Each structure stands twice: as C-alpha cells, then as structure tokens.
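Examining the three-dimensional arrangement
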Amino acid sequence: MNRLSSLLAGAAPYAVAACAFAAPLSAQTATDPSATLATDASATATAPGTDGAGGDIVVLGFGQSRQVQSVSAADIARLTPGSSPLKAIEKLPGVNLQASDPFGAYEWAVRISLRGFNQNQLGFTLDGVPLGDMSYGNVNGLHISRAIISENVARTDVAQGAGALGTASTSNLGGTIEFFSDKPRDVMNVTGGGTYGSDNTYRAFARVDSGDLGGGLKGYLSYGFLSTDKWKGDGVQRQHQANGKIVKDLGSLGSLTAFLNFSDRREQDYQDLSLDIIRRRGLRNDNIADNYPLALQIAKVAQNQAAVAGGTAQPWAGVGTTFPAGFGTVDDAYYDAGGLRRDYLGGVTFDANLTPELTLTTTGYYHDNKGQGSWITPYSPTPAGAANADGTPITAASPLGFRTTEYAMKRGGALTNLAYVHGANTLELGGWYETNTFTQARRFYGMTDSATPNRDTLEFQSNPYATQWDGKYTTDTIQYHVGDTIRLADDRLVLNAGWKGFYVTNRAIMLPATASPLAVGKISAKDWFQPQAGILFKLTPGAELFADYKENVRAYVSSATTGPFSTTQAGFDAIRGQLKPERSKTAEGGLRFREGPFQASAVGYYIDFSNRLLGFSNGAGIIGNPATLNNVGSVHTYGAEVAVNYRIFTPLSLFASYSYNKSKYADDVLSASGAVLVATDGKMAVDSPEHMLKGEIVVEQSGFTGRVGADYMSKRYFTYLNDQSVPGRVLVDASIGYRFEGEGALHGVSILGSVTNLTDKKYISTVGTNGFTASGDNQTLLAGTPRQVFISLKKGF
C-alpha cells in the first residue's frame, strides 16, 4: 500500500516532466524510410510539403520498429477549415480526443490521451520545436491550434507508445505527436478561402507563396481568422493568426529555414457541468453572460445563505436566501469566464551536409506568450473602493469579482543533431537545451453592482484591487541522446538501440509586494540513462514484424498551479526530499502487412507506470483551491490496437481502427491525514475508455470528394473509485466537396460542405476539466457540440 505524498491543503495536480531529446532531423531523415536513424524518427511515405492527394488515408508506418502512423495535409483538408490538426488524428488507434467545439480548438475543453496517458504526459513538437505538454494554462509551450494555421500543416506523426529518442519534450512518458509544417511552393501562388456555418461562424484564410526568387530562395506568408458564437449560452470565440516561412537552398551544403508564427486567441468559456447539474438543468446549461443582474442576484443569495449558516447577518438586504426559479446552487451558472492567449513563436534551422556521410541539423527557437484566464466569481466579492479598468473608483461593494490567472512566458532554446552513416551503421548524437522564464499571478479586479457589467472577459485587465500571489518560475533543461541503427541482410533486419538523459532544474521566487502563501525554492530531477531499443524484421516484401522497449522519466514543472511549488512553504520543505519523478516502462510488438491496395497493422503493448502523481480536486474549480497532490503508486496497462487501410478501388478508400486498453491502479492509497483509505487498487484509471472503434470512408474522383467518419468510445470514469462515469457514445461526421478543374473563372475553385455530429448526438465530451476526485459527483464535465453545418469556398490563383 502506498502512502499519499500530500502538498497540504493546497497542492496542485502534479505535472511532472520528462525527458526528451533533442533536435529535428534532417529533411532526408524525416521523409525517407531508408534514412531512419537510431531515433527511428518520423519516416513515412508522405513528405512534408506534399498534399498527399490520391494517397492513403493513413500511412501505417512501414519500416518503423515502433507503432507509428501519419496523416497528411489532404486528410486535414477534408475537415471543416480551421479544425485543429488533432481532429485529423482522432481516428487513429489509441487516440482519445475530446472537445466541446466543432474545431477541436477550444483549449479549456480539448483533451488528448494515448493509451491512457493524459495530455501532460505526452510529447508535442512542431518541426522539432517543443510545444510543451499543450495543456490549458501551459507553463512550457503552446497548443498546436495557436502554434500554426491548420492549412499550413503538411503532416502529423503519432507514436502511440515509444516516442523517438530525438523528441524535444519534457513530458513524453507516453507517446509523441509531431507536427510538420508545409514547405513553400516552387512557383508563385495565391490561395484564399472562406467558411460560414452554424452559430455565425466566419473563417477566412489567405496564403501567398513567392515561388523561387532565384538561388533557391522561396517563402510564404499566410493569415487566418476565425470568429464563432458559442453553440450555447452567450459569448464568442475569436482568433487571428499569421504564419511566415522562408527557405534558402544552399546546394550541396544543405539548407537554411526560418519561420515566425503569431496567434491572438480570445474565447469565452463554456460552463463546467456535473451529473447533478445535467439532470436538473440539461446539457445546454451554461454561463449567463447575457444577464448580469441575474448573476448578481444569485451571488447575493449565496452570500446570504453563507451568512445565515455562519450565524451572521445577511449582507444583502431584501434579497433573501432563495435562489431564482430553476437554480439550485450558486454553481449552477456563473456570469462569465474567458481565456486570452497571445503568442509569437519563431525559429531558424540549419541543415548541413558536412560530408557525404555526416549531417548536422541545428535549430534555435524563441517563444513569447502573454495569457489570462478569468472567472467572474461569487466567491471573491468586490469591496467598496476597488477601481474600474480606467482607474475610476467603484463606490459600492459588489457580490461578484473578476478573478484572473495571468501568464507570461519567455522561453528559448537550441537543438542539435549529428548523424553519421557508415556502411550498415547509422550513429546519432543529439542535444537539447532550453531556458524558460514563466511568471504567473492570481489577481482580483472590481465588478460593479449595477445593471450592466464594467469589465469584459475578452480583454486583458488592469487596476486590480488584490493580488493573491505573483511568482516567477524558471526551468532549465539539458537533454541528450545517443543511438545506433544497424541494417542487415539487405535491410530485412533492422536493429536500433540507444538512450537519452536529462537534467532539469526548477526554481521559484515570489515577486515583492505580495504576501503569498505559496512555496519558493529549488528542486531538480535527473536521469542520465533512459534506454530504448527496437527491432524490425521483414518476413516478406509485404509483411514485417516489429518490437520495441523504452523507459522514460518525467521531470517536474515550475508554476503556482501545478507542480511542487503549488503548496505552502512548509509543505514544499516536507516533500522536497521525498518526491520522485514519474517513470514508465513500455514494451510493444506487432505485425504490419500490405498486399496491393490493402494495408493493416496490429500491435500489443504492456506499460508499467510507477510513482504516478495525481491531483485530487478540492471544491468547485471556480473557488480556485489547488488540488491535493497524491502519489497513487503504480498503474499497469495492457492493450492492443488494430488498423486497416483498404483502397477498395481507385476512388474509394476505407480506414478502420480498434483499440483495447486496460489501465488499472495497482495500489491503495491513504489520504493526506493518513486516516482514510482510498481503495484504488484494481480500479480503472480515470478518463481511459476500454474500447474505441473508429472508421472512415473516403471517395475521391474527378474533382469530387466525399467523407464519412464514425467514432465510438466506451464509458469513462471520472472518479478514482470508479463510482461515477459518463456513458459511451458514437459520433458521426461527414463532408462532401467538389473542385472545378476546367478552364474559365471557376478553375481551381473548391467548395466543401461539412457536418459535425451528423446524428445530433447529445453526449458528455470532456471529463476532468476541474480535476478528479476519489468518489462522488464533480463539476468537471463539458457537453459535446450538437450538429454543426459549414460551407467553405477556396480558390488558388
């Protein structure tokens, strides 16, 4: 039995970070299966910059010694424009994607997991540049929906189990998801498109390619805009994006590539739900951002109730202690909440051919982020004398307050990778260094007790009346990897082995003028030897066996809301010498087969996940109580995945996948006080569906495109004792389009109609938005999007 490591009353869910390595590989390595290095990196049949038209729906990773699949830009193009690249990979085996908007871009709701590993235990990169764990309120990166415009993604590679040694990530305990941007076109080209659809959705996209300007210099600039009303409640979600990329061909020496991406995303949130709220008020229950007087009334009633319960006088005379009709608790509906993110991400890559046998790839990158997450809450009422945004005083107290979590991130790093090919051997050595300065503050801003609100959740706030904490957190990461690949018997037998290691140092200081209760100090994690090995054996030209084994460790993160600093100083001092990073050991093996138009893969796997650190939530998320950090011991996972890709005849393709996953806790735990046993041994892991079945049919001929996809997921638990769950569901999406190829004004015009949730299924999508509890109901669920219809036009000039 394992005793909980508690971070006292206020510890947060633990995001521990892991290992990864290093650099993006050379263009040859990333696209040519014959050039696969010891990292076994991203060798697929579809290269970055190609559209995959006429190719397979999914590339099943032939030639890899690990489970890996790829989807191309053509696959993303079949989705509603503006959809996150994550939407294109949700059909792959082992991928559990949840979202409460049709684009998969609303970050508070988006959750992706692989084989039971949640999002902050995976690794994500864009052209090799680390994106951190892509979680909401990310402390070490940014979400892919902000990092790049979806039309500029050329390929996405998913490694469900053993991520490549060369992945620059501090969180890839489980698999990795690598995104590759499109290359500039060789000839000048202008592309434009627009989308309109349900809930006043407007989206525009434009891209200008320079073509070859001489001497192998070419580039592109692109812009994307999205505005949509929320599908329930009142509010909007908007995003501006701009991407620029330039490539200089250096001939035999190699190439030089630079990119700069910008995003400004502002979104009003959906209300988190519980099963109780859903039973009483339905899935369409939401914030009441269009009714400020009602929000004031609910807050006043709640505060009067609290006063009566505490034996004091009611603070709001004439309001009473009875909620308005239809409302049962103060948490049924809040006034409003929002998320703001502004990002700049840039990098330069030098691909150098030092000799015919020796290549060097080096990337430098920088990311600047400003963010704000807000909740207008009845739990932090505004005192008289607080200020408006313009500095003028608020003369009367209000039952509501504007609570923010404010972010600023400045991180930069360098990745380098040296590969040497000699005979049957390919040797590789790589390294990654990143320094990240992250500031995070919890502030409160004044709201008025009036008919109309004085602040907007879509704007960055000013003039707070209180600062609860204001911290500066730094993370320094050093990582390296060494690997070797040996190709024998005319490439029928491929062996690869190697290891990676890291040393990550986390520091926290509180900035002056705050009496913060949170911890300061220093903690580090290191493991210089994390082995990985794989084997590939070709039985016949169309059949191959593969197997691999890997070990990964996840280092800590630095923030006030997750990790070891999200507790009191006494709590941090008590646990600092006892904490151990999470660790995973993964073994998998399988078979791939192809014969003419038919391809299939099957894999089985086992994962030993030890020292798992999870957060038990404390109260409603809006209150702001960090969760209590718990060491829940080990998790044992085994499962199987099958994928089939069949081009029945040239215009008609079929893809299907099935995943079975059994993730169970292997230990009981004790509560923080040591008095209560939480009998988790043998219970299923939260948010880990046991069965997933997905299928897709695509028809393409003479400019016509049609697609229908279905996605089944079995029930998911959202308590550690498995006494609360959400049922399984089947979702169906479809699209139909036509591209005019003839002469005249319509040449190159494409029209696409798309429908998400075709059957208008009512279901619970995301679980765990406010963490998980040992048992009982919890306001941690989000409703899935009803049927949405869109039409898009696109033309290339």
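For clarity, every value in this text was computed on a predicted model and none was experimentally measured.

1. Details of the overall build of the chain
Scanning the chain from N- to C-terminus turns up seven helices and 38 strands. For the chain, the proportion of its 797 residues judged to be buried stands at 60%. A fraction of 70% describes how many contacts in the chain between residues 6 or more apart in sequence connect residues 24 or more apart. When the accessible surface of the chain is split by element, carbon and sulfur atoms take 60% of a total near 27,900 Å².

2. Quick word on the packing of aromatic side chains
Applying the stated rule across the entire model yields 23 aromatic pairs. Between Phe262 and Tyr344, the aromatic rings sit 5.0 Å apart at their centres with planes inclined by 45°, giving tilted as the arrangement. Taken together, the residues Phe262 in strand S13 (residues 254–268) and Tyr344 in strand S14 (residues 336–353) connect sequence positions 82 residues apart. With a relative accessible area of 22%, Phe262 lands in the partly exposed category. Of the residues examined, Tyr344 reaches a relative accessible area of 40% and is grouped as partly exposed. Ring geometry for Phe598 and Tyr646: centres 5.8 Å apart, planes at 70°, overall edge-to-face. One end of the pair, Phe598, is in strand S23 (residues 598–610); the other, Tyr646, is in strand S26 (residues 635–649), and 48 residues separate them in sequence. One aromatic cluster is present, formed by Trp108, Tyr136, Tyr334 and Trp375 through successive ring pairs. The ring of Tyr605 carries Arg115 above its face, with NZ or CZ at 4.1 Å from the centroid. For Arg281, the ring lying beneath its charged end belongs to Phe327, and the centroid distance is 4.2 Å.

3. What about the environment of Phe790?
Relative to the assigned elements, Phe790 resides in strand S38 (residues 788–796). By relative accessible area, Phe790 is classed as buried at 2%.

4. As for the sheet that holds strand S5 (residues 123–126)
Pairing in this open sheet of five strands is mixed, and the strands run S2-S7-S8-S5-S6 from one edge to the other. Each edge of the sheet is formed by a strand with only one pairing partner; in this case those strands are strand S2 (69–72) and strand S6 (129–130). Taken together, the four bridges between S5 and strand S8 (residues 176–181) define a ladder with parallel strand orientation. Within the sheet, the bridge partner assigned to Gly123 lies in S8 and is Thr176.

5. Considerations on the pattern of salt bridges
One pass over the structure, following the stated rule, counts 36 salt bridges. One continuous salt-bridge network, built from bridges that share partners, spans Asp75, Arg78, Lys91, Glu696, Glu700 and Arg707.

6. Some remarks on the nonpolar core
Generally speaking, a soluble globular protein has its nonpolar side chains buried in company with each other. Grouped together as the largest cluster of nonpolar side chains are 67 residues, with contacts concentrated most on Leu86, Leu131 and Leu781. Those residues within four positions of Leu781 in sequence are excluded, and the remaining contacts are Gln271, Asp272, Leu273, Ser274, Leu275, Ile278, Phe718, Val726, Ile764, Thr766, Val767 and Thr769. One finds Met409, Val504, Ala525 and Val557 within the second-largest nonpolar core, a separate group that totals 23 residues.

7. A few points about helix H6 (residues 292–309)
Counted at 1.5 Å a residue, the expected span for H6 with its 18 residues is 26 Å, and the 26 Å between its end C-alpha atoms agrees. With a side-chain oxygen positioned 3.1 Å from the backbone nitrogen of Leu294, the residue opening H6 is Asn291. Just downstream of H6 lies Gly311, where phi reads positive at about 80°.

8. Some details on the pairing of strand S16 (residues 401–422)
Sheet topology places strand S15 (residues 358–377) next to S16; 20 bridges connect them, and they run antiparallel. Each bridged residue has a counterpart across the sheet, and for Asn369 the counterpart in S16 is Met409. As defined by bridge partners, S16 adjoins strand S17 (residues 425–446) across 22 bridges and the pair is classed as antiparallel. Bridging across to S17, Thr405 finds its partner in Arg442. The hairpin turn running from S16 into S17, its antiparallel successor, is two residues long, and Gly423 in that turn takes a positive phi close to 60°.

9. A few points about the pairing of S23
Across 13 bridges, the pairing between strand S22 (residues 582–595) and S23 is antiparallel. The residue bridging Gly589 from the neighbouring strand is Gly604, located in S23. Connecting the antiparallel pair S22 and S23 is a turn made up of two residues, with Gly596 showing a positive phi of about 60°. Here S23 runs beside S26; their pairing, made up of twelve bridges, is antiparallel. The residue of S26 that forms the bridge with Ala600 is Val644.

10. As for the side chain of Asp336
You can see Asp336 is positioned in strand S14. For the buried Asp336, no salt bridge exists, and the shortest N-O distance to an oppositely charged side chain is 5.3 Å, to Lys230. Apart from residues lying up to four places away in sequence, Asp336 is in contact with Gln268, Asn287, Ala289, Trp375, Ile376 and Thr457.

11. A word on the environment of Lys472
Note on placement: Lys472 falls in strand S18 (residues 466–488). In sequence terms Lys472 and Phe438 are 34 residues apart; their C-alpha atoms lie 5.9 Å from each other. Not counting chain neighbours up to four residues away, the residues in contact with Lys472 comprise Thr437, Phe438, Thr439, Arg507, Ala508, Ile509 and Leu511.

12. Quick look at the side chain of Arg442
On the secondary structure map, Arg442 appears in strand S17. No salt bridge is formed by the buried Arg442. Its closest oppositely charged neighbour is Glu406, at 8.6 Å.

13. Digging into unusual backbone geometry
Outside of glycine, negative phi angles account for most residues, and trans bonds account for most peptide bonds. Unusually for a residue other than glycine, Ser702 sits at a positive phi of about 50°. Looking at where Ser702 falls in the secondary structure, it is placed in the loop between strand S30 (691–701) and strand S31 (704–713). If you check the backbone angles, Asn722 has positive phi at about 65° while not being a glycine. Along the chain, the position of Asn722 falls in the loop between strand S32 (716–717) and strand S33 (725–726).

14. A closer look at the confidence of the model for the chain
Taken over all residues, the pLDDT of the chain has a mean of 88, while the share at 70 or more is 89%. Low confidence marks residues 1–54, where pLDDT is under 50. Its contacts with residues over four positions away, or in another chain, come to 254 contacts.

15. Here we look at a nonpolar patch on the surface
A grouping of Tyr196, Tyr202, Phe704, Ile736, Tyr738, Ile751, Ile791 and Leu793 is seen on the molecular surface, where their side chains present a nonpolar patch of about 750 Å² in accessible area. Of all elements in the fold, only strand S34 (729–739) and S38 reach the threshold of two or more residues within the nonpolar patch. With respect to the secondary-structure elements, Phe704 resides in strand S31. Relative accessible area serves as the criterion here: at 32%, Phe704 is assigned to the partly exposed category.

Procedures and definitions
Residues numbered from 1 in each chain as written. Predicted model: local features only at pLDDT ≥ 70, side-chain atom pairs only at ≥ 80, totals over all residues. Heavy atoms only, no water. Helix = DSSP H or I, 4+ residues; strand = E, 2+ residues; numbered from the N terminus. Buried < 20%, exposed > 50% of the residue type's maximum accessible area, 1.4 Å probe, protein only. Contact = heavy atoms within 4.5 Å. Areas by Shrake-Rupley, 256 points an atom, 1.4 Å probe, with all protein chains shown as cover. Phe/Tyr/Trp six-rings, centres within 6.5 Å; stacked < 30°, edge-to-face > 60°. Lys NZ or Arg CZ within 6 Å of the ring centre and 35° of its normal. Pairing = 2+ DSSP bridges. Salt bridge = Lys/Arg side-chain N within 4 Å of Asp/Glu carboxyl O. Core = buried A, V, L, I, M, F, W, Y, C linked by side-chain atoms within 4.5 Å. Expected span 1.5 Å × (residues − 1). Polar contact = N/O pair within 3.5 Å; in protein donor to acceptor, adjacent residues only side chain to side chain. Lys, Arg positive; Asp, Glu negative; His and termini not counted. pLDDT = per-residue confidence, 0-100. Patch = residues over 30% accessible without salt bridge, like charges linked within 9 Å, V, L, I, M, F, W, Y side chains within 5 Å.

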